[in-house]
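What follows is each chain in one-letter form.
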Amino acid sequence: MLKISIIMPVFNTEKYLPETLKSILRQTYKEFELLCIDDCSTDETGSIIKEFQKQDTRIRILTNEKHLGAAVSRNKGLKAAEGEYIIFLDGDDVFEEELLEQTGSAMEKNRADLVLFEYCHVPDKLIYTKKVVERPVDFREKYCRSSFSMIDFTPREFPWWAASSCNRMFRRSFLEEYGLEFQNLPSSNDVYFAQMSLFCAKRIICLDDRRVMVYARDHSEPQRISNHREPIYAYYALDKLCRELKERNMIGKYAPYLYYRLQESLRYTLKA
């Protein structure tokens, strides 16, 4: 079995895609497949992926017949994935060369459901500037030395964990067990998925490596796959999270955590 499946939805990303693909193919860990889901691009995105595929058979291409968005594309990749571990990466970012090696090793060593790692939004001109995130000693002792679950940290600490699917690796069997999929929204479509995975996971580990592993490029081109940033979509995501916790009989246990997440998410959305 392949160890790692990389799921990457792409839409009209010809400007950045070549360097993103090169960043993946430079990974020190080699036992992976890259599933590129072309969301009906109208530029040279499809041709670029096919050229790279000629050079590396680990690249698989799935094509949507019409533009469906990031959530549907990621779910499609998730169903097609063959790896033991799953990681969701975007087609306009760059990655530390040891991303897969370090996260895969942490998954196996800790038998984790998911591994969290450092992730940073940066301006385009700083995309290759290496960064290190400083964490307090007590943070590393508590979250990087052994696995934990949500109940092991205080509700006030919950907003520290970004509501993104791009700063973590998942065990595929864990996602299947809890039936976790992305919510079909024009934006904020990974908020429910990212947060619900934290609530459901029994064994979480933070990568004990302070290097930023994923550099997310800040840009506002109108052709982005998730470019409709209306606050109402953030509300829909949080509403789904609340409803799912109730349906899964988890709301009582995690109500304080949910309160701080709602407060932080709404503050961030309204500020943006």
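Quick note: structure is the one above.
Nothing here was measured: the structure is a model prediction, and the numbers come from that model.

(A) Region of the structure containing the sheet that holds strand β3 (residues 59-63). With mixed pairing, seven strands are arranged side by side in an open sheet as β3-β2-β1-β4-β8-β6-β9. The sheet is open, and its two borders are formed by β3 and β9 (204-206), each paired with just one other strand. Adjacent strand axes in the sheet meet at a mean angle of 20° when their direction is disregarded. Pairing of strand β1 (residues 4-10) with strand β4 (residues 85-88), which is carried by four bridges, proceeds in the parallel orientation. By the bridge assignment, I6 is partnered in β4 with I87. Along the sheet face, helix α1 (residues 17-25) touches β1 and β2 (32-38) and points at about 175° away from the line of β1. Helix-sheet contacts for helix α4 (residues 99-110) involve β1, β2, β4, β6 (114-116), β8 (168-171) and β9, and the interaxial angle to β8 is about 45°.

(B) Looking closely at helix α7 (residues 191-200). Counting buried residues along α7, 10 of its 10 residues qualify, which places the element largely inside the surrounding structure. Every buried residue of α7 is accounted for by V191, Y192, F193, A194, Q195, M196, S197, L198, F199 and C200.

(C) Main features of the environment of Y236. Inspection of the secondary structure assignment puts Y236 in helix α8 (residues 231-247). Judged by its relative accessible area of 37%, Y236 is partly exposed. Once the C-alpha coordinates of Y236 and V133 are considered, the two residues, 103 residues apart in sequence, prove to be 31 Å apart. With near-sequence residues (within four places) excluded, Y236 lies in contact with Q183 and L185.

(D) Examining unusual backbone geometry more closely. Phi is positive for S188, which is not a glycine, with a value near 55°. Following the sequence through the fold, S188 ends up in the loop between α6 (172-178) and α7. Within the chain, N249 stands out as a residue other than glycine whose phi angle is a positive 60°. With relative accessibility at 72%, the residue N249 sits in the exposed group.

(E) Quick look at the pairing of strand β10 (residues 214-218). Here β10 lies mainly inside the structure; four of its five residues are buried. Pairing of strand β5 (residues 94-95) with β10 involves two bridges; the strand directions are antiparallel. Counted as the bridge partner of F95 is V214 from β10. Pairing geometry for strand β7 (residues 119-123) and β10, over five bridges, is parallel. Within β10, the position partnered with Y119 by the bridge is V214.

(F) Quick peek at the packing of aromatic side chains. A complete count under the given rule lists 16 aromatic pairs for this structure. Over the ring of F139 we find R135; its NZ or CZ atom is 4.8 Å from the centre of that ring. It is K240 that lies over the ring of Y192; its NZ or CZ is 4.7 Å from the centre.

(G) Local environment of the pattern of salt bridges. Per the counting criterion, the structure on display carries 24 salt bridges. Salt-bridge contacts for E181 lead to K79; the nearest nitrogen and oxygen are separated by 2.7 Å. Here E181 is found in the loop between α6 and α7, whereas its partner K79 is found in helix α3 (residues 70-80), with 102 residues between them in sequence. For E181, a relative accessible area of 37% puts it in the partly exposed group. A salt bridge links R217 to D124; the shortest N-O distance between them is 2.6 Å.

(H) How the structure looks around the pairing of β4. Across the two faces of β4 the burial is the same, with Y85 and I87 and I86 and F88 all buried. Here three bridges tie β4 to β8, and the two strands are oriented antiparallel to one another. Within β8, the residue paired with Y85 across the bridge is R171.

(I) Up close: the environment of I151. By the element assignment, I151 lies in the loop between α5 (137-143) and β8. On a C-alpha basis, the gap between I151 and K202 in space is 9.5 Å, while along the polypeptide they are 51 residues apart. When neighbours within four sequence positions are excluded, I151 is seen to be in contact with K253, Y254 and Y257.

Rules used throughout
Residues numbered from 1 in each chain as written. Predicted model: local features only at pLDDT ≥ 70, side-chain atom pairs only at ≥ 80, totals over all residues. Heavy atoms only, no water. Pairing = 2+ DSSP bridges. Helix = DSSP H or I, 4+ residues; strand = E, 2+ residues; numbered from the N terminus. Axes fitted to C-alpha atoms, helices over the stretch in contact; angles between N-to-C directions. Contact = heavy atoms within 4.5 Å. Buried < 20%, exposed > 50% of the residue type's maximum accessible area, 1.4 Å probe, protein only. Phe/Tyr/Trp six-rings, centres within 6.5 Å; stacked < 30°, edge-to-face > 60°. Lys NZ or Arg CZ within 6 Å of the ring centre and 35° of its normal. Salt bridge = Lys/Arg side-chain N within 4 Å of Asp/Glu carboxyl O.

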